[in-house]
Amino acid sequence: MTGRRLMVGVVAAGVLLLPFFLPENGVTIATRMLIAALFALAYNLLWRHGGLLSFGHAVYFGAGMFAAIHLMRLAESGGPALPLPLIPLAGALAGTIAGVVLGFLATTRGGTYFAMITLATGELAYAVGPRWDAVFGGESGISTMRMPWAGLDFGSQTQVYGLALVWFLVGAAGLHGFAATPLGRITFALGENEMRLRALGYRTHLTKTALFAISATVSGLAGALLAVANENVDYGIFTGVNSAQPVLQTFIGGAATFLGPAVGAVVLTWVGNQVSDMTRLWLLYQGLLFVAVVLYAPDGLTGLLLREREIARRAGPAAAACRVALGTAGVASLAFAVVFISEAAFVLLGEAYAMRQATDAGRWPDLHLFAHDWPALSPVTWLLPLASLLLGLALLWYAGRAARPASEATA
Amino acid sequence: MQYVIASLLNGTVFGLLLFMVSAGLTLIFGMMGVLNFAHASFYMLGAYLGYSIGRITGFWPALLLAPLLVALLGAGLERWMLRRTHRHGHALELLLTFGVAFVINELVKLVYGPFAVDYRMPPALDVTAFRFYGLDYSAYRLFIGGVAIVMFVAILLLLRLTRVGLIVRAALSQPQMVEALGHDVPKVLMGVFAAGAGLAGLAGAVAGAFYPTGPTMANYLGSIVFVVVVVGGLGSLEGALVASLLIGLLTTFTVGLDWTLADLFGAFGLGPWASGLGGLFTLTLSSLSGSLPFLIMLLVLLIRPSGLFGERA
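Residues numbered from 1 in each chain as written. Chains lettered and ligands numbered in written order. Predicted model: local features only at pLDDT ≥ 70, side-chain atom pairs only at ≥ 80, totals over all residues.

1. Side note on the overall build of chain B
Right, so step 1: Check the secondary structure of chain B and you find 14 helices and two strands.
Right, so step 2: Counting every position in chain B, which comprises 313 residues, the buried fraction comes to 46%.
Right, so step 3: Counted over contacts in chain B with a minimum sequence separation of 6, partners at least 24 positions apart contribute 74%. (Helix = DSSP H or I, 4+ residues; strand = E, 2+ residues; numbered from the N terminus. Buried ≥ 20, exposed ≤ 12 C-beta atoms within 10 Å, placed from the backbone. Contact = placed C-beta atoms within 7 Å.)

2. Notes on the overall build of chain A
Right, so step 1: Summing up its helical and strand segments, chain A has 17 helices and four strands in all.
Right, so step 2: For a compact globule of 411 residues, the expected C-alpha radius of gyration is about 22 Å, and chain A comes in at 24 Å, within 12% of that figure.
Right, so step 3: Viewed in the frame of its principal axes, chain A has a C-alpha envelope of about 70 × 65 × 45 Å.
Right, so step 4: Of all intrachain contacts in chain A linking residues separated by at least 6 positions in sequence, the fraction that spans at least 24 positions is 77%. (Rg over C-alpha atoms; globule rule 2.2 N^0.38 Å.)

3. A look at the environment of B:Arg83
Residues and elements named next belong to chain B.
Right, so step 1: Tracing the sequence through the fold places Arg83 in helix 3 (residues 59-85).
Right, so step 2: Sequence spacing of Arg83 and Leu9 is 74 residues, and the spatial spacing of their C-alpha atoms is 42 Å.
Right, so step 3: In contact with Arg83, other than residues within four places in its own chain, are Glu78 and Pro186.

4. So, the nonpolar core
Residues and elements named next belong to chain A.
Right, so step 1: Core analysis: the largest hydrophobic core is formed by 201 residues, its most contacted members being Leu38, Ala68 and Ala224.
Right, so step 2: Counting residues per element, this core draws most heavily on helix 2 (residues 24-50), at 16 residues.
Right, so step 3: For Leu38, the residues in contact, after removing those within four places along its chain, are Phe168, Gly171, Ala172, Val218, Leu221 and Ala222. (Core = buried A, V, L, I, M, F, W, Y, C linked by C-beta atoms within 7 Å.)

5. Quick word on the interface of chain A and chain B
A common way to express how large an interface is: the accessible area buried when the components associate.
Right, so step 1: Counting residues at the interface gives 39 residues for chain A, matched by 38 residues for chain B.
Right, so step 2: Listing elements by their share of the side of chain A that touches chain B, those giving two or more residues are helix 5 (111-128), helix 11 (240-253), helix 13 (282-296) and helix 15 (317-349) of chain A.
Right, so step 3: Tallied by class, the residues present in the side of chain A that touches chain B amount to 28 nonpolar, eight polar and three charged. (Nonpolar A, V, L, I, M, F, W, Y, C, P; charged D, E, K, R; others polar.)

6. Points about the environment of A:Asn25
Right, so step 1: Take A:Asn25: it is sitting in helix 2.
Right, so step 2: With 322 residues separating them along the chain, A:Asn25 and A:Val347 place their C-alpha atoms 30 Å apart.

7. A word on helix 13 of chain A
Right, so step 1: With 15 residues, helix 13 of chain A should cover 21 Å at 1.5 Å per step; its first-to-last C-alpha distance of 21 Å lies within 8% of that length.
Right, so step 2: Helix 13 of chain A sits mainly inside the fold: eleven of its 15 residues count as buried.
Right, so step 3: Taken as a whole, helix 13 of chain A has its buried residues at A:Leu283, A:Leu284, A:Tyr285, A:Gln286, A:Gly287, A:Leu288, A:Leu289, A:Phe290, A:Val291, A:Val293 and A:Val294.
Right, so step 4: Looking at the buried positions of helix 13 of chain A, the neighbouring elements they touch are helix 11, helix 12 (260-275), helix 14 (300-315) and helix 15 of chain A together with helix 3 and helix 4 (90-112) of chain B. (Expected span 1.5 Å × (residues − 1).)

8. Quick notes on the confidence of the model for chain B
Right, so step 1: Per-residue pLDDT for chain B averages 82, and the proportion of residues at 70 or more is 85%.
Right, so step 2: Across the interface, the model reports ipTM at 0.87; the global pTM reads 0.87. (pLDDT = per-residue confidence, 0-100.)

9. Notes on helix 2 of chain A
Residues that lie three or four places apart on an α-helix share one face, since the helix turns once every 3.6 residues.
Residues and elements named next belong to chain A.
Right, so step 1: Compared with the 39 Å implied by 1.5 Å per residue over 27 residues, the 40 Å span of helix 2 between its first and last C-alpha is a close match.
Right, so step 2: Asn44 marks the point of greatest bend in helix 2, at about 30°.
Right, so step 3: Burial analysis of helix 2 places 22 of its 27 residues in the buried class, which makes it a mostly covered element.
Right, so step 4: Just past helix 2, the residue Gly51 takes up positive phi, approximately 65°. (Bend = angle between axes of the 7 residues up to and from the residue.)

Rendered as structure tokens:
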């Protein structure tokens, strides 16, 4: 077991240190991935411990960003300067303050009420944002520059990645260590049976507030790191999409394990970055993936992997490999169909297409998709995604059926 | 005086619109314990479908067809998706509706583009209902209010006086007993869900022709509707009505008032000092109008966490 742990540790260290040898834009993406991972981990603290679902976490992320930006500006204009590596701490503090105040209010009621209140506080921040220029900088936002400190000029993305990596490790270790503290143990009980906890004499409202504040603190830390990396922020950070991001990443990655959300954040940030030039529908695909995961794999990607490992242990690696191959092929086939249809719809409904049609005397011009021209009225164009859709469904159905005897044997 | 009367009327109409959307939300919650995040998306779909269908059939048939389509979508969501996640608990249901809302928003942007569409009221209603103090009052606003009132009375009568309402109310409190009596409770729940979605769709189809129909309308209204439901107390139809009117009136009244905290201090001779501080002290009430509902919600949570008409927590 220790040998395996060592191996995992070496691999993790290798992955985390890899960006130091990547070209500039690769490092930028790696920094984004780290920040998203930290944010998702902080978000999932609330759910995994307390069973609380927040839909307004961009508020605390944004609080950290604005705190960091203002301090960086202060340093830039020659005021009292905090060394740049310590600025994320200020972001964490801003997150704590916002988290204590809003968390106290949001946790007055649990469950559904909590979800609604967090959503509304997110909207509140978005409504106040454009009204208060001194703090939020209005439409154009606030820009600043990283100031050198102790021989490091933070001019290159590699140095920024190093800074983010250190703080990521501190934040993640803090979140992981929190679970072992007495308060951390109690917050687990909060998610399981709050009534009983109250009967035992715990002040559950304060416990929930504390849990919320810790989650907000680390979210603020992540936000401050993004402010350092971007050197710019505006009130748009408070939009609903930014609050939805950690929810989607956490549950697609798998909320039941500690690292699941980080996996989701890393994968989705990376894919989102890769496809950002190719499609404008990435948010739609992310949403569809999220709905599919909630419906068919509530434990997320890491949950799926753990289940496959379990099946491999019971039914032998060959059966598991076969299932994984079938499932992957099914998902790929299904994804191709969905992407094809969505992109085709996007082109067909766009203004550019209508204009081409008008100049072409009402005929239907070809669709340009996947570096290929598809005749818009040809049956092949539409039978292909349809066949892919049916094939994907059949493969997934078959893979699911193959799993059943194994799982029923265990039950 | 003109301002007061105009605000009173507009606020009431906006409040009634809020009620049309929040009624379905609170009914569904009361019955199934599910907070439907996609509810405001149904409102938006109602507006967009009303626009699309209206271009083919004209305004009035669309006003009937769009809510029906939305109700069908709602039934599908309940039957094929929510029921599946039900055994995993409420949290997953919440996440599912959240995801569905996210997808609907993106789909609307995909189909209709990022800008508001030109959804118009029929010329028959695009007239002045009456004039007062030299101000024309649109007949369409009265129409919105009228639809909401008819809807409220219809729901109330349906729930209180008919046999369907009896079964629905019974299924609400004693689902197992109702099932034992031979009623198909899941079907009842699906019906209620579809009806709630249809009401939101109707509200959208009616209001979309007056307020802008754009891809942000779901997020904007959705958050205010949540505030209404929290303030009124989850599951309470009366609470939803009172809270809707309260918030509709308050937001409408404050939109035209440029009072500031500095003015308040001015009453005590501290005006110049407060103006000098700037920031929060010179923020006008009108600029805060959009955030006022949320402030009210926070206040209610502090004073009476269960909401105005909610049961004690």
